[in-house]
Amino acid sequence: MRNRIIQLLILISLLAAPAAFANLKSVEKPLATLEPMPEQVLVDQTVNGLLSRYHYGDKTLDPKLSAYIFEHYLTTLDPTKSFFTREDIDKFAKYRDTIGDAIRKGNLEPAFAIYNVYTKRVEQQVSYALKLLDHEPDFNTDETYTFDRQHATWPADKAALDTLWRKRVTNDAISLMLTGKDWAAAAKVLRHRYGNFLHRAHQNDSADVFNAFMNTYAHAMDPHTAYFSPSESAQFQIEMSLKLQGIGAALVQKDDYVTIQRVLPGGPAADSGKIHPGDRITAVAQGKDGKFVDVVGWRLDDVVDLIRGKKGTTVRLQILPSGAAPGAPEKNLNLVRNTVELQSQAAHAKTIDLKRGDKTFTIGVITIPSFYLDFKARMEGKKDYRSTTRDVRRLIENMKKKHHVDGLVIDLRGNPGGSLEEATELTGLFIDKGPVVQIRDTDGKINVQSNPDGGIVYRGPLVVLVNRFSASASEIFTGAIQDYHRGLVVGSTTYGKGTVQSLIDLNHFVASGKAGQLKLTIAKFYRVTGSSTQNRGVSPDIHLPSTIDTSEFGESTEDNAMPWDKIPAADFQPFHDRLRTQLPVLRRDHHERTKHSAEYQLYMKDVENARKEQSKTTVSLNLEKRRAERKQQETQRLTDVNEWRKLEHKPTVKSLDGISSDDRPDVVLNEAAEIAIDMDRLHLDIEDSSAAIAKNAAGF
């Protein structure tokens, strides 16, 4: 994720929601000039010492890294390039090569000097935007507005900045008017929105500046190194605990939107099936009938406060789908706040029956939302403690008793990782004892972790299904299955998160007790072949298209991601080469089948439409053109829904009211099951000299 004001994952907890910004008054006093606090100097030097000595990347604060920190601090503060001008940037240039040296010396003056100019520009431009609302814009213009400003240049001067804001205000008004508001109602919402933004700028203090700057420095080392303030540390502990509370979503600030970064398995958001990474929260309402509060431009923690509430109560979210342009059709979701526990994140199983000619094949599907282990229960000596491997073993044994399964799909889509120990042990259910992953630390020492010799539980055809959000421990398991030639990997290239982090309590070094924590990258994962999972991820043997924008998500999208590299291979023995030699046949069968599958072709159409929507970076500022575009989008959505309904032999509908585009067949999972059948027909299971095993090699 890029362009974050506060680089923080927050899993929304069940605390009483404080009052929202319902009745803000205009701020009259000028913004205060902020200065660093003495304890922040100590924390700065402590963080610098730890990063310099223990970070895996071994980066030094030379002029090159200093320039990187400088550039990214500017975009951290102003990610949409809507406040600073090129004139400002030129004045800041004296810090470009020296800000690293300032960090080393504990000199925070450059960071605060830049921030104080930023707050002046915020007050200046937001005040200008509020004045623009006194008069209705020209909605008949042929102008366009670039809403995706990731690659935009800094406005040359105040005049260019005013032009940008005039277009922004017009676009914001059009986006609201497309939902049915008139100009007066839209202007009222925008006065409130911009007023909130200015109010929050006045609420920022020295700690906010320090946190933003320290996070910029930490993230300059790599995307997963981060500084947590004391309050952020508490939120991080909530996320890492076995019992999580809230709607089950990790949020991040991206430009003007609080954005879904990850959906936690077992939570209300995941159970709804209608919230996806990249979706943007535009409004929040309390209860079933509460009024929506516009939250575009709000700080992350303020939006979190609105979403918080008691277990069992309802919160409603207004969502702008991932990749959609401002003003595109949004969706309203009702979520009941609940406690997310380990059990609800557990692996679960089902079977899929598919016909080939006159024969029906049964494919087992085991979905693993995360790699979990109840450490506390195990430490207490409880025999029934929960873990991924234990649960998957039990699910497979239950399948043995109830079904003859012709193949097995392990579904790791959206699995962000978790326990490395469990990823290693799970591999042992499908391969003999052997190395699974190599870990190299900052000193270059390589530790090889092997799966325990617990006995192979399943020897039949195996497919591992992954997508772009399969990360970390998921990639270790997937890579091992692929490297041992034990199964086929299908789906899309995984995330590419191949680094290991350690959490350091800075209060051990700074006596104030309010130093926070440092999440530090200390090691790197490598597959048994010696290839790193970092940056490149695991490439599937058979690619299945996805609506996930790989240019937006994944380690390779980070400009400071640690590179892919390779170390010597571990001592391991792959299974037979028949899976590799038969791969061209499996790919051919897949392409022939999907080419003639109405369901798959319709899914491909959905993927193409999503990519077209995601590729848009500009919108028209002509209201009638935008209305026509929105009507066309809604007509297209209705057409798409009815095409799916016809395919499923359901009656067509004339309206999208009560109809969700998420309620569609899992085409990718079904094709993974078809591939498992192809493997079964080619007898692509484990060869073994044992006559008993050979007799049952085609299945359980």
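Residues numbered from 1 in each chain as written. Predicted model: local features only at pLDDT ≥ 70, side-chain atom pairs only at ≥ 80, totals over all residues. Heavy atoms only, no water.

(A) Inspection of the sheet that holds strand 12 (residues 348-356) at higher detail. Judged by pairing direction, the sheet is mixed, and its six strands sit side by side in the order 12-13-14-17-18-21 without closing on themselves. At either margin of the open sheet sits one strand with a lone partner, and together these are strand 12 and strand 21 (542-543). (Pairing = 2+ DSSP bridges. Helix = DSSP H or I, 4+ residues; strand = E, 2+ residues; numbered from the N terminus.)

(B) Structural view of the confidence of the model for the chain. Summarising the model, the chain shows a mean pLDDT of 87, and 90% of its residues fall at 70 or more. When the criterion is pLDDT under 50, residues 1-28 qualifies, and its contacts beyond four places in sequence or with other chains add up to 94 contacts. Scored below 50 in pLDDT, residues 239-245 shows 28 contacts in the model against residues more than four places distant or in partner chains. (pLDDT = per-residue confidence, 0-100. Contact = heavy atoms within 4.5 Å.)

(C) Spatial organisation of the nonpolar core. Counting 71 residues, the largest nonpolar core has Val-47, Ile-69, Phe-84, Ile-114, Phe-213 and Tyr-217 as the members making the most contacts within it. If you tally residues by element for this core, the top one is helix 7 (residues 183-203), at nine residues. Ignoring any residue separated from it by four or fewer positions in sequence, one finds Tyr-217 in contact with Val-47, Asn-48, Leu-51, Ser-52, Leu-61, Ile-69 and Ile-103. Counting 30 residues, the second largest nonpolar core, distinct from the first, contains Ile-363, Tyr-603, Ala-673 and Ala-676. (Core = buried A, V, L, I, M, F, W, Y, C linked by side-chain atoms within 4.5 Å. Buried < 20%, exposed > 50% of the residue type's maximum accessible area, 1.4 Å probe, protein only.)

(D) Region of interest: the pattern of salt bridges. One pass over the full model with this rule turns up 36 salt bridges. Close ionic contact of Asp-134 with Arg-191 constitutes a salt bridge, the shortest N to O distance being 3.9 Å. You can see Asp-134 sitting in the loop between helix 5 (109-132) and strand 2 (144-146) and its partner Arg-191 sitting in helix 7, a full 57 residues away along the chain. By relative accessible area, Arg-191 is classed as partly exposed at 37%. A salt bridge links Arg-166 to Glu-143; the shortest N-O distance between them is 3.0 Å. Of the two residues, Arg-166 is situated in helix 6 (residues 158-177) and Glu-143 in the loop between helix 5 and strand 2; the sequence distance between them amounts to 23 residues. Three or more residues are tied together by salt bridges with common partners; here these are Arg-356, Arg-593, Glu-671, Glu-674 and Asp-678. (Salt bridge = Lys/Arg side-chain N within 4 Å of Asp/Glu carboxyl O.)

(E) A look at the side chain of Thr-216. Counting through the fold element by element, Thr-216 comes out in helix 8 (residues 206-221). Polar side-chain contacts of Thr-216 include one of 3.4 Å to the side chain of Thr-76. Residues contacting Thr-216, with those up to four places away along its chain left out, are Ile-69, His-72, Tyr-73 and Thr-76. (Polar contact = N/O pair within 3.5 Å; in protein donor to acceptor, adjacent residues only side chain to side chain.)

(F) Spotlight on the packing of aromatic side chains. All told, the structure shown has 17 aromatic pairs when counted by the stated rule. A centroid spacing of 5.1 Å and a plane angle of 75° characterise the contact between Tyr-73 and Phe-213, whose relative ring orientation is edge-to-face. Here the residue Tyr-73 occupies a position in helix 2 (residues 63-77), and Phe-213 occupies one in helix 8, the gap between them amounting to 140 residues. Just as Tyr-73 is buried, Phe-213 falls in that class too. Taking 6.3 Å as the distance between ring centres and 55° as the angle between the ring planes, the aromatic pair formed by Tyr-600 and Tyr-603 counts as tilted. Within this pair, Tyr-600 and its partner Tyr-603 are both found in helix 18 (residues 598-614), separated by three residues, close to a single helical turn. Residue class for Tyr-600 comes out buried when judged on its relative accessible area of 6%. Put simply, the rings of Phe-83, Phe-84, Phe-92, Tyr-115, Tyr-118, Trp-154, Trp-165, Tyr-194 and Phe-197 touch in pairs and so form one group of aromatic residues. (Phe/Tyr/Trp six-rings, centres within 6.5 Å; stacked < 30°, edge-to-face > 60°.)

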